[in-house]
Amino acid sequence: MTKLDEKLEPIMAEVFRRNAAEPEFHQAVREVLESLGRVIAKRPDYADDALIERICEPERQIIFRVPWQDDKGNVHINRGFRVQFNSALGPYKGGIRFHPSVNVGIIKFLGFEQTFKNALTGLPIGGGKGGSDFDPKGRSDAEIMRFCQSFMTELSRHLGEYTDVPAGDIGVGGREIGYMFGQYKRLTNRYEAGVLTGKGLSYGGSRARKEATGYGNTYFVDSMLASRGTSFDGKRVSVSGSGNVAIYTMEKVMSLGGRIVACSDSNGYIVDENGVDLDLVKEIKEVRRERISEYARLRGTGSHYIAGGSIWDVACDVAMPSATQNELTGKDAKMLVKNGVFAVGEGANMPSTPDAIRIFQEAGVMFGPGKAANAGGVATSALEMQQNASRDSWTFEQTEARLETIMRNIHDTCAATADEYGAPGDYVLGANIAGFVRVAEAMRALGVI
Ligand code: NDP
């Protein structure tokens, strides 16, 4: 662990005290504070008026009961969350996660990260995140709909196109956004398309939003590779997960000439030395909603499934963790380095542990942190808000071109900021500082609020 600047130590101590038993939130704050020592050395005024303390404290945290009935008539209770972290740059913006592991600390870490990520896009969006400990696995369509309606019944009073604009995340895709938007519209009697993003194309969604996080991470890594005079062409690439982010990462990597050798879900991973058949993965995950183990059974020779274990044991040139937080440990990083990995792009939020990041950086592996590399999803959500506000609908090509420009700009901003602060090639430092400075400038201008 890097030692914190002496002005930042008490801030970290207060975050521990005030948010006990929230290790993911501590981890996310610590990483940003480790980068800020260099900023306040240059600009001590950024530490004035408790600005950094204020950035670490969410503006509002909402926790609510979500009662719903299953198909047999049994009543279940889940807990719903929305953490409205920072609105200095625009309305709160960030996804909703449905997963049994969700608790206030997880949502807080995600909202904190989101604030800097959204700032990096250069678009007018603040940071927030929400979700529930509801487990959608094995639930019928009708159960999912009833849950989404109950969740939105409470959440709706805290949203609005100028207030807070959620999107999807783990366990929340197009189907869930549709049910939530339907309930919001019914409750408010307003067709306020800009209140949610990730909508279907038939009711105000943006082309390329579904693809955006995965495509965006691929563009970010492509820019890192280009900075060392290379590209995806002919590279072996492992992508963890097989959800929204993973699928569209694989799609874009393949279009740039990379070969996907492995992907996973929470039960295990598959290896396919001939290159993963993405149509088959989509069929299994998006249509049949089955486990990734089915892949090896249906694909046959040349591929195999490993239950449990770590996908990072598979040798690859580029690793793109796209499942969940802390899925890539120090041990995994050592194995990847031993097997010759030379670039890592985080599609998921905080998938690498602090140990893993240190190992990559010490080994000279290019490392693109999630708050920069996976910003394409939220950036395209902001483009969806623009289309909704102007009652317009852009082509796929137009939207993807904007996404590509945004991602390459984020890459260049992180690289230039790392240079400016004396740490060339350190994208973690570059992303944290560039994101912080944008939020801090706006907060100073708005006074102590
Ligand atoms: P999905 O629900 O579509 O997919 C998640 C994938 O990760 C699934 O394959 C899932 O496997 C796997 N996974 C989830 N939890 C775990 C776990 N605890 N251990 C191992 N594997 C797990 O989610 P997304 O693709 O949308 O999100 C993936 C990551 O990307 C998250 O970190 C999210 O915050 C981040 N992200 C998403 C954005 C978006 O636009 N969707 C934007 C920016 C970041 P299984 O099916 O077995 O649970």
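Residues numbered from 1 in each chain as written. Predicted model: local features only at pLDDT ≥ 70, side-chain atom pairs only at ≥ 80, totals over all residues. Heavy atoms only, no water.

### Here we look at the domain arrangement of the protein
Entries for the protein in the domain assignment read domain 1 (9–55), domain 2 (60–191) and domain 3 (211–373). Each of domain 1 and domain 3 has a C-alpha centre, and the two are 31 Å apart. Listed by partner, the interface residues are five residues for domain 1 and eight residues for domain 3. Here domain 1 meets domain 3 over a buried area of about 450 Å², counting both sides, of which 54% is carbon and sulfur. (Domains from an automatic or database assignment. Contact = heavy atoms within 4.5 Å. Buried area = accessible area lost by both parts, 1.4 Å probe.)

### What to know about the sheet that holds strand β4 (residues 127–132)
Whenever strands of a sheet pair, they do so through backbone hydrogen bonds, lying parallel or antiparallel. In space, the five strands of this open sheet follow the order β1-β2-β4-β3-β5, with mixed pairing throughout. The sheet is open, and its two borders are formed by β1 (60–69) and β5 (164–167), each paired with just one other strand. Along the sheet, successive strands turn relative to each other by an average axial angle of 20°, direction set aside. Bridge count between strand β2 (residues 75–86) and β4: six bridges; the pairing is antiparallel. The partner of asparagine 86 across the bridge, within β4, is glycine 127. (Pairing = 2+ DSSP bridges. Helix = DSSP H or I, 4+ residues; strand = E, 2+ residues; numbered from the N terminus. Axes fitted to C-alpha atoms, helices over the stretch in contact; angles between N-to-C directions.)

### So, the layout of surface pockets
Roughly 890 Å³ of volume is contained in the second largest pocket. What lines the second largest pocket is a set of 39 residues, and nearest its centre among them are Thr2, Glu34, Ile357, Gln361 and Val428. Elements with a minimum of two residues in the lining of the second largest pocket: α2 (23–42), α12 (354–362), β12 (366–368), α15 (396–420) and α16 (427–445). Both domains that furnish three or more residues to the lining of the second largest pocket are identified here as domain 1 (9–55) and domain 3 (211–373). (1 Å grid on protein atoms, 1.4 Å probe; cavity = no way out; pocket = protein on both sides within 12 Å on 5 of 7 lines; lining within 4 Å. Points joined across faces, edges and corners; volume = space filled by probe spheres on them.)

### Remarks on unusual backbone geometry
The backbone of alanine 208 shows a phi angle near 75°, a positive value even though the residue is not glycine. Relative to the assigned elements, alanine 208 resides in the loop between α6 (174–188) and α7 (209–227). The exposure class of alanine 208 is buried, given its relative accessible area of 4%. With a phi close to 55°, asparagine 326 is a non-glycine residue in the positive phi region. Take asparagine 326: it is sitting in the loop between β10 (318–320) and α11 (330–338). (Buried < 20%, exposed > 50% of the residue type's maximum accessible area, 1.4 Å probe, protein only.)

### With respect to helix α5 (residues 141–155)
With 15 residues, α5 ought to run about 21 Å at 1.5 Å a step, and its terminal C-alpha atoms sit 21 Å apart, in line with that. Buried within α5 we find Glu143, Ile144, Phe147, Cys148, Ser150, Phe151, Met152 and Leu155. (Expected span 1.5 Å × (residues − 1).)

### Some remarks on empty space enclosed by the protein
Enumeration over the complete set of coordinates arrives at two cavities of 30 Å³ or more. Lining the largest cavity, in full, are Glu31, Glu113, Glu346, Met350, Ile357, Phe367, Pro369, Gly370 and Lys371. For the lining of the largest cavity, the residue count by class is four nonpolar, one polar and four charged. If you add up the space inside the second largest cavity, you get close to 30 Å³. (Nonpolar A, V, L, I, M, F, W, Y, C, P; charged D, E, K, R; others polar.)

### Considerations on the pattern of salt bridges
Inspection of the entire model under this criterion finds 36 salt bridges. Glutamate 420 is the partner of lysine 42 in a salt bridge, and the nearest nitrogen-oxygen pair spans 3.6 Å. Of the two residues, lysine 42 is situated in helix α2 and glutamate 420 in helix α15; the sequence distance between them amounts to 378 residues. Between arginine 297 and glutamate 294 there is a salt bridge; the shortest N-O distance is 2.8 Å. Of this pair, arginine 297 and glutamate 294 both sit in helix α10 (residues 293–299), three residues apart, which is roughly one turn of that helix. With relative accessibility at 58%, the residue arginine 297 sits in the exposed group. One continuous salt-bridge network, built from bridges that share partners, spans Glu14, Arg17, Arg18 and Glu57. (Salt bridge = Lys/Arg side-chain N within 4 Å of Asp/Glu carboxyl O.)

### A look at the site of the ligand
Taken together, 24 residues sit near the ligand, with Asp169, Thr213, Ser266, Arg291 and Asn349 positioned nearest. Serine 266 is positioned with one of its side-chain polar atoms (N or O) 2.4 Å from an oxygen atom of the ligand. In this structure, alanine 323 approaches the ligand through a main-chain N or O atom, which is 3.5 Å from an oxygen atom. Look at the ligand: alone it shows 890 Å² of surface, and the protein chains cover 82% of it. Looking at the shell around the ligand, the elements with two or more residues in it are α7, α8 (244–255) and β7 (259–265). Mapped onto the domain boundaries, the shell around the ligand takes at least three residues apiece from domain 2 (60–191) and domain 3 (211–373). (Near = heavy atom within 4 Å. Polar contact = N/O pair within 3.5 Å; in protein donor to acceptor, adjacent residues only side chain to side chain. Areas by Shrake-Rupley, 256 points an atom, 1.4 Å probe, with all protein chains shown as cover.)

### Comments concerning the state of the cysteines
Scanning the entire structure with this criterion turns up zero disulfides. Cysteine 414 supplies the cysteine sulfur nearest to cysteine 56, a cysteine that is in no disulfide, at a spacing of 19 Å. For cysteine 56, a relative accessible area of 4% corresponds to the buried category. (Disulfide = S-S within 2.5 Å.)

### Considerations on the sheet that holds strand β11 (residues 343–345)
In spatial order, the strands read β9-β8-β7-β6-β10-β11-β12; together these seven strands make up an open sheet with mixed pairing. Only two strands of the sheet have a single partner each, and these edge strands are β9 (303–307) and β12. Across this sheet, the average inter-strand angle for adjacent strands is 15°, counted without regard to direction. Where strand β6 (residues 236–239) and β7 come together, three bridges link them in parallel fashion. Bridged to valine 237 within β7 is isoleucine 260.

### Comments concerning the environment of serine 206
Locating serine 206 in the fold gives a position in the loop between α6 and α7. By relative accessible area, which is 5% here, serine 206 ends up buried. Measuring from C-alpha to C-alpha, the distance between serine 206 and serine 156 comes to 22 Å, with 50 residues separating the pair along the chain. In this structure serine 206 touches Lys199, Leu201, Thr380, Glu384, Gln387 and Thr399, once residues within four positions along its chain are discounted. Within polar-contact distance, the side chain of serine 206 engages the side chain of glutamine 387 at 3.0 Å.

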